[in-house]
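What follows is each chain in one-letter form.
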Amino acid sequence: MAIDAGRAGVLRVSGWIAGVLGALLGILALLLAMANGVAGVVSAVGVAGGSCVSVLCAVIIDHKPANRAAWALLAGGWLLVSGSLAYTWAALQAQTGSVSPAALAAAFAVDTLAGEALPLFLLLFPTGDLPSKRWRPVLALYLVGWAAAGAAAAVVVWPSREAVIAEYVGGRVDTLPQRLAAPEAVSAAADLFGMLFLLVGIAAVVLRLRRARGIERTQLLWAAWGLGITVTIMMAAALVSGPVKTVLAVLAPLPFYAAITVAMRRHQLFDVQRLISRTVTYTAITALLLGLYTLVAVGVGAITGQLRSSSSIAVAAATLAVAAVFRPALRLVRAFVDRRFDRRTWLAVQTLDDFTGRLRAGAAAPADLLAALRKAVDDPTVRVACVDDGQLIDLDGSPADLGDPQPGRVRRQVTAGGSVVAMVELDARLADEPRLVEAALAAAALPLENAALHARAAVRLADVRASRSRIVAAEDSQRRRIERDLHDGAQQRLVALALQLRIAQRELTSTSHRAATVLGEAVEELRATVDELRELTRGILPPVLTDEGLAVALRTAAARLPLRVTLDVSAERFPPTIEATCWYVACEALANAVKHASAATIQLSLRRAGDTIVLDVRDDGGGGAAVVSGGGLQGLSDRVAAVGGRFDVISPQGAGTRIKVELPCAP
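Within each chain, residues carry numbers counting from 1 in the order of the written sequence. Local features in this predicted model are restricted to residues of pLDDT 70 or higher, and side-chain atom pairs are both shown and tallied only at a pLDDT of 80 or more, whereas totals for entire chains, interfaces and linings draw on every residue. To obtain the side-chain values, all non-hydrogen atoms of the structure were used and water was disregarded.

1. Comments concerning the overall build of the protein chain
Thought 1: Under the DSSP-based scheme used, a helix requires at least four consecutive residues in state H or I and a strand at least two consecutive residues in state E, with every element numbered from the N terminus. Across its full length, the protein chain carries 22 helices and nine strands.
Thought 2: Burial status across the protein chain gives 41% buried among its 667 residues.
Thought 3: Whether two residues touch is decided by their heavy atoms; if any such pair falls within 4.5 Å, the residues are in contact. Across the protein chain, the fraction of contacts at a sequence separation of at least 24, relative to all contacts at a separation of at least 6, is 69%.
Thought 4: Here the Shrake-Rupley method, with its probe set to 1.4 Å, supplies the accessible areas, and only the displayed protein chains count as covering residues. Carbon and sulfur atoms provide 62% of the accessible area of the protein chain, an area that totals close to 34200 Å². We call a residue buried when its accessible area falls under 20% of the maximum for its residue type, exposed when it is over 50%, and partly exposed in between, using a 1.4 Å probe and counting protein chains only.

2. Focus: the sheet that holds strand β9 (residues 657-664)
Thought 1: Any two strands with at least two DSSP-identified bridges between them are counted as paired. Read from one edge of the open sheet, five strands run β5-β6-β7-β9-β8, paired in mixed fashion. On the outer flanks of this sheet lie β5 (564-569) and β8 (646-650), each paired with one strand and no other. On average, each strand axis in the sheet is tilted by 10 degrees relative to the strand beside it, whichever way the strands run.
Thought 2: Where β5 lies against strand β6 (residues 601-609), six bridges are found, and the strand directions are parallel. Bridge pairing in β6 places Asp568 opposite Ser605.
Thought 3: Sheet strands touched by helix α20 (residues 550-559): β5 and β6. Its angle to β5, the strand with the most contacts, is close to 175 degrees. Axes here mean lines fitted to C-alpha atoms, for a helix over just the part in contact, with angles spanning 0 to 180 degrees between N-to-C directions.

3. Observations regarding the pairing of strand β3 (residues 409-416)
Thought 1: As paired strands, β3 and strand β4 (residues 419-427) are joined by eight bridges and run antiparallel to one another. Note on β4: the bridge partner recorded for Ala416 is Ser419.
Thought 2: Linkage of β3 to β4, two consecutive antiparallel strands, is achieved through a turn of two residues, within which Gly417 is found at a positive phi near 65 degrees.

4. Some details on the packing of aromatic side chains
Thought 1: Classification of ring pairs uses Phe, Tyr and Trp, with its six-membered ring standing for Trp, and accepts pairs whose centres are within 6.5 Å; under 30 degrees between planes counts as stacked, over 60 as edge-to-face, and the remaining range as tilted. Per the counting criterion, the structure on display carries seven aromatic pairs.
Thought 2: Measuring from centroid to centroid gives 5.2 Å for Phe121 and Phe125, while their planes differ by 40 degrees, and the two rings are tilted. By the burial criterion, Phe121 is buried, and Phe125 matches it.
Thought 3: Centroid distance Phe256 to Tyr257: 6.1 Å. Interplanar angle 55 degrees. Geometry classified as tilted.
Thought 4: Of the residues examined, Phe256 reaches a relative accessible area of 7% and is grouped as buried.

5. A few points about unusual backbone geometry
Outside of glycine, negative phi angles account for most residues, and trans bonds account for most peptide bonds.
Thought 1: Note the cis peptide between Phe125 and Pro126, where omega equals 0 degrees.
Thought 2: Along the chain, Pro126 turns up in the loop between α5 (118-124) and α6 (136-157).
Thought 3: At Asp378, a residue that is not glycine, the phi angle is positive and equals roughly 55 degrees.
Thought 4: Summarising the element assignment, Asp378 is placed in the loop between α15 (369-377) and β1 (383-388).
Thought 5: You can call Asp378 partly exposed: its relative accessible area is 37%.

6. Details of the sheet that holds β4
Thought 1: Taken in spatial order, the four strands line up as β2-β1-β4-β3 in an open sheet, and their pairing is antiparallel. Where the open sheet ends on each side, the last strands, each with one partner, are β2 (391-393) and β3. Shown here is a sheet whose adjacent strand axes are inclined to one another by a mean of 30 degrees, direction ignored.

7. Remarks on the pairing of β6
Thought 1: As a crossover connection, the stretch from β5 through helix α21 (residues 576-595) into β6 is left-handed.
Thought 2: Where β6 hands over to strand β7 (residues 612-619), the hairpin turn is made up of two residues, of which Gly610 adopts a positive phi near 70 degrees. If the strands point away from the viewer and the path from the first strand over the helix to the second runs clockwise, then the crossover is right-handed.

8. Digging into the side chain of Asp619
Thought 1: For Asp619, the location among the structural elements is in strand β7.
Thought 2: As used throughout, the charge tally considers Lys and Arg to be positive and Asp and Glu to be negative, leaving His and the chain termini uncounted. Definition used for salt bridges: Asp or Glu carboxyl oxygen within 4 Å of a side-chain nitrogen of Lys or Arg. Among buried charged residues, Asp619 stands out as having no salt bridge; its nearest opposite-charge side chain is Arg618, 10 Å away.
Thought 3: Two N or O atoms count as a polar contact when they lie within 3.5 Å, although within protein this holds only if one can serve as hydrogen donor and the other as acceptor, and sequence-adjacent residues are included solely when both atoms are side-chain atoms. Polar side-chain contacts of Asp619 include one of 2.9 Å to the backbone nitrogen of Gly621.
Thought 4: Excluding anything up to four places from it in sequence, Asp619 contacts Ala593, Ala597, Ala599, Thr601, Ile602, Gly656 and Thr657.

9. Here's the deal with α20
Thought 1: Where α20 is concerned, the buried positions are Leu550, Ala551, Ala553, Leu554, Ala557 and Ala558. For α20, the angular spread of buried residues about the axis comes to 165 degrees, placing them on one side. In this description, one arc is meant: the one made by directions from the helix axis to the C-beta atoms.

10. Observations concerning the nonpolar core
Thought 1: Side-chain atoms within 4.5 Å link the members of a nonpolar core, which is a set of buried Ala, Val, Leu, Ile, Met, Phe, Trp, Tyr and Cys residues. Formed by 42 residues in total, the largest nonpolar core has its most connected members in Phe121, Phe125, Ile260 and Met264.
Thought 2: Ile260 has contacts with Ile60, Leu73, Phe121, Phe125 and Ala223, leaving out every residue within four places of it along the chain.
Thought 3: Judged by nonpolar contacts, the second largest core, of 37 residues, contains Leu545, Ala599, Ile602 and Leu636.

11. Description of the confidence of the model for the protein chain
Thought 1: pLDDT expresses how confident the predictor is about each individual residue, on a scale running from 0 to 100. Put simply, the protein chain has an average pLDDT of 78, and 79% of its residues get 70 or more.
Thought 2: Predicted confidence in the protein chain is weakest over helix α7 (residues 161-169), with a mean pLDDT of 52, and strongest over β7, with 92.
Thought 3: The low-confidence segment residues 168-179 (pLDDT under 50) makes 23 contacts with residues lying over four places distant or belonging to another chain.

12. Some details on the pattern of salt bridges
Thought 1: According to the stated counting rule, one finds eleven salt bridges in the structure shown.
Thought 2: Glu425 is the salt-bridge partner of Arg411, the closest N and O atoms lying 3.0 Å from each other. Pair noted here: Arg411 is in strand β3 and Glu425 is in strand β4, with a separation of 14 residues, a long-range link.
Thought 3: What makes Glu425 buried here is its relative accessible area of 6%.
Thought 4: Note that Arg646 and Asp648 form a salt bridge whose closest N and O atoms lie 3.0 Å from each other.
Thought 5: By relative accessible area, which is 26% here, Asp648 ends up partly exposed.
Thought 6: Sharing partners across several salt bridges, the network here consists of Arg409, Arg411 and Glu425.

13. Considering the environment of Leu118
Thought 1: Checked against the element boundaries, Leu118 lands in helix α5.
Thought 2: Taking C-alpha positions, Leu118 is 8.9 Å from Phe197, a pair spaced 79 residues apart along the chain.
Thought 3: Setting aside anything within four residues of it in sequence, one finds Leu118 in contact with Leu198 and Phe256.

14. Quick notes on the packing of helix α14 (residues 343-360) against α15
Any two packed helices are characterised by the angle at which their axes cross and by the distance between the axes.
Thought 1: As a packed pair, α14 and α15 sit with axes 8 Å apart at the nearest point and diverge in direction by 165 degrees. Taken together, the axis directions place α14 and α15 in an arrangement best described as roughly antiparallel. The crossing of α14 and α15 is right-handed. Touching Arg344, Ala348, Thr351, Leu352 and Phe355 of α14 are Leu369, Ala372, Leu373, Lys375, Ala376 and Val377, all from α15.
Thought 2: For the contact of α14 with α15, a count of residues per class yields eight nonpolar, one polar and two charged. By the definition adopted for this analysis, an angle is roughly parallel if under 35 degrees, roughly antiparallel if over 145, roughly perpendicular if from 65 to 115, and oblique otherwise. Each helix crossing is assigned a hand: it is left-handed if the near helix lies turned anticlockwise from the far helix by less than a right angle, otherwise right-handed if that turn is clockwise. Residue polarity follows a fixed list, in which Ala, Val, Leu, Ile, Met, Phe, Trp, Tyr, Cys and Pro are nonpolar, Asp, Glu, Lys and Arg are charged, and the others, Gly among them, are polar.

15. A short note on the packing of α20 against α21
Thought 1: At a closest axis distance of 11 Å, the pairing of α20 and α21 adopts a crossing angle of 15 degrees. By the angle class used here, α20 and α21 are roughly parallel. The way α20 lies across α21 gives a crossing that is right-handed. Two secondary-structure elements touch here, α20 through Leu550, Ala553, Leu554 and Ala557 and α21 through Glu579, Cys582, Trp583 and Ala586.

Below, the structure written as structure tokens:
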């Protein structure tokens with residue numbers, strides 16, 4: 001809950017005052033009880049619990065002044081202290097021979113309220129709000145029942161005050177009189193009410209734990225760990241008696257209170273999931289090995305007893321059995337505990353291990369790793385960038401721009417073989433689950449390394465393709481330069497020379513017939529040379545392709561053919577490399593249809609399909625064309641591949657030939 005700074009300051013000061021005052025009142029009650037010889041187990045437990053809770057709640061409120069759960073726990077601490085103080089007051093009056101009804105009623109009422117106060121805290125922990133709005137009737141019912149129990153405890157004592165006072169005079173100040181039916185019934189009903197809502201509070205905590213993520217889940221796990229330690233100590237106290245029982249009863253609540261304080265003040269102090277799993281693991285393994293030791297020692301002892309051998313054999317055999325079983329038992333117990341008590345981490349590792357298995361089997365691709373990692377850590381915003389020579393690249397090899405870390409995001413490095421292979425960016429809430437992130441990234445290290453290798457290979461392949469495209473573009477540019485040089489230079493000079501020779505031939509015809517004939521032959525040779533140069537320049541790149549575009553160039557080329565050509569060509573202009581590639585493929589396909597296929601008709605189409613240019617040339621010739629090493633079709637295939645395209649030849653024998661080319665070209 002967000003509050004203004006002024007109100008937060010008031011709440012912090014109030015929390016410290018209430019906490020310190022509660023602790024001082026508890027200590028006062030204990031000192032009075034000890035000074036007058038009436039300190040019992042109830043007073044000691046109340047003082048220890050109430051004073052500790054009061055101080056710890058002040059610490060929590062200083063950090064979260066508006067958290068209702070902290071204030072509810074502080075109220076419970078005050079009730080514990082007040083109950084101990086009321087009992088001490090009644091006991092002191094009992095020593096003088098008279099107990100006032102007010103002291104008696106206060107002792108019974110406050111004791112009842114203190115005993116049933118914990119469910120309120122459980123309903124509000126750790127956020128200070130109920131799990132949902134549906135819990136409001138439950139809270140209202142609890143508050144009404146809680147207040148009614150305290151009032152009933154005070155009221156029911158009044159009709160039996162003489163008998164109760166007699167019990168106090170007799171020194172029984174820590175239990176209800178067994179012969180008083182009404183107070184006993186109220187006490188039993190209050191205990192039943194408290195137990196019922198304690199279970200409801202635990203159910204609320206379990207419900208939160210199943211749905212919680214991040215900080216809230218960590219806080220709930222801290223509370224669960226502390227509660228487990230407290231319950232364990234209480235069970236131990238039930239098995240002993242005397243001073244040990246008193247000490248354990250006083251110490252039992254402290255782990256829970258300390259865990260609550262850590263959860264709400266410093267929840268990242270330790271990895272609580274690891275703490276819980278290791279606590280349960282080593283507790284279970286200790287019990288298991290102790291049972292095994294006892295079983296082996298008793299069994300071997302019975303056998304050696306029959307043989308009248310030394311008892312040291314049984315001890316040695318039991319020790320050997322424990323040593324032999326310890327390692328494998330520890331692994332099995334740890335795996336079981338992690339699966340049960342840290343299920344999110346276990347499921348994350350299982351998800352990534354399954355992906356690694358499918359990757360090895362060829363059933364998954366390295367690019368699928370991102371989806372698997374997102375599923376494993378339950379974060380759909382996870383981003384992965386591989387490291388390539390100090391640069392970050394995506395899983396497909398494209399440059400990755402993670403930028404600077406943004407608020408609400410965290411980054412983790414993944415290493416393999418001592419070097420960083422990837423950077424993983426996650427939601428900041430996962431920083432509160434370090435064990436989950438650590439285990440998931442460790443399980444993903446191998447597939448991430450594999451994905452990084454594929455991404456680097458994709459980068460190298462892209463570099464090679466770009467290099468081949470640059471080479472093709474440079475070759476086309478060189479061809480255009482040669483074509484211009486031939487057209488504007490040698491070809492024009494040869495034409496001019498032929499004209500000059502024709503003029504000379506006409507002038508010499510009347511004087512030297514032989515010389516005129518020789519000049520005529522020279523003119524014809526020059527014309528043949530010019531025609532060859534024109535054909536050569538057409539084979540390079542025609543000027544019309546550059547000036548008018550691919551559609552006009554293809555129509556011009558088709559018009560020269562001695563057969564019918566059906567054209568469906570887009571008038572759109574494309575990049576020079578794409579146009580040149582389409583031109584060479586179309587010319588080669590047309591020439592092959594005329595020279596080799598004996599075709600009667602040709603169909604040529606050129607169209608755009610999204611980001612792809614599709615050139616399709618079909619003829620009705622004899623078919624049988626194939627891409628062979630060193631052939632013309634192989635050269636076309638290489639050229640198409642150099643610009644990242646696809647080249648297909650479909651030419652069954654006797655059924656014509658189809659050449660289809662797909663070239664990447666963004667609009």
